[in-house]
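Chain residues, written in single-letter form:
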Amino acid sequence: MPESRALGSLRTTMWRLNHAVPGLIVAARGQLALAEFVRVDVTEFVGTAGARFRHPGGTGLHSPELRLRELLPGWDDDWVIFERDRLRQLRLHQLEAAAADLCALGGYAMALDAALEAVRSEPLRESARRAVIGVHLAEGNFAEALYEYKRFRALLAEQLGVEPSLDLADLVFRREPLRNRTKAAPV
C-alpha cells in the first residue's frame, strides 16, 4: 500500500490500542515505544543476562529453565534475523554459564540439565558439549564424559568432517584420575 495509507493505518491502530489500554503506546520525538508498565520477555531476558555478566557467580540471576522462544517466527527481515541470532547466542551463553555455576555449587542435576539444553539447542556447539562433559567429570562419571565425547566426535565427523578441538580431548583424556588426586605425594 502507499506510504500515506500505511501511515493512516498506523495512526488508526495506535488510536485503537491507546483507547483500549490508555498509555500503552508512547510517542515521542517521532518514535513509538511501549509504556514502562509493559513487560516484554525479550527485554527481561536480556536484562537478566546483563545482570549475570555484571555479577558473575550469582546463580539466582539465570536459570536452566530459561526457554526463550524464537523471536518473530516466520519473519525474514534482516534486523529480525540478526536479533534472533543475537538472542540465541545470548541464551546459549546463559545456559553454559548456569551449568558451570551450578556445577561449582554441587548442583549437578540442574547443571547437567542446563548443559543438555544448550546441546539440544545447538548440537554442534563445542562449548555446550564441554559443559556436559565438565559436569560428568565433576561428578566423577568418567564413562559418561567419555561417552559424550565419543558421541560428539562422531557427530562432528558425520556432519562437518572435523574432529573436536584438542582442548576438549585434553579435558577428557589427559585428566589425572580422581583416585590419584587424593593420594599424598611420595616423600
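Before going into details, it helps to say that this report is about the structure given with it. All values derive from a computational prediction rather than experimental measurement. (Residues numbered from 1 in each chain as written. Predicted model: local features only at pLDDT ≥ 70, side-chain atom pairs only at ≥ 80, totals over all residues. Heavy atoms only, no water.)

Glancing now at the overall build of the chain. The helix and strand inventory of the chain stands at eight helices and two strands. When the helices and strands of the chain are read in sequence order from the N terminus, they spell out α-β-β-α-α-α-α-α-α-α. For the chain, with 187 residues in total, the buried portion stands at 29%. Expressed as a percentage of contacts within the chain between residues at least 6 apart in sequence, the contacts between residues at least 24 apart total 50%. With the model as given, the accessible surface of the chain reaches about 12,600 Å², and the carbon-plus-sulfur share is 58%. (Helix = DSSP H or I, 4+ residues; strand = E, 2+ residues; numbered from the N terminus. Buried < 20%, exposed > 50% of the residue type's maximum accessible area, 1.4 Å probe, protein only. Contact = heavy atoms within 4.5 Å. Areas by Shrake-Rupley, 256 points an atom, 1.4 Å probe, with all protein chains shown as cover.)

Moving on: the packing of helix H6 (residues 142-159) against helix H7 (residues 166-173). Running from N to C, H6 and H7 cross one another at 155°; their axes reach a closest spacing of 10 Å. Considering the angle they form, H6 stands roughly antiparallel to H7. The handedness of the crossing between H6 and H7 comes out as left-handed. Facing H6, whose interface residues are Phe142, Leu146, Tyr149 and Phe152, H7 presents Leu168, Ala169, Val172 and Phe173. (Axes fitted to C-alpha atoms, helices over the stretch in contact; angles between N-to-C directions. Parallel < 35°, antiparallel > 145°, perpendicular 65-115°, else oblique. Left-handed = near helix turned anticlockwise from the far one by under 90°.)

Right, let's get into unusual backbone geometry. Phi at arginine 29 takes a positive value of approximately 50°, unusual for a residue other than glycine. With respect to the helices and strands, arginine 29 occurs in the loop between strand E1 (25-28) and strand E2 (31-34). Of note in this structure, leucine 72 is not a glycine but carries a positive phi near 45°.

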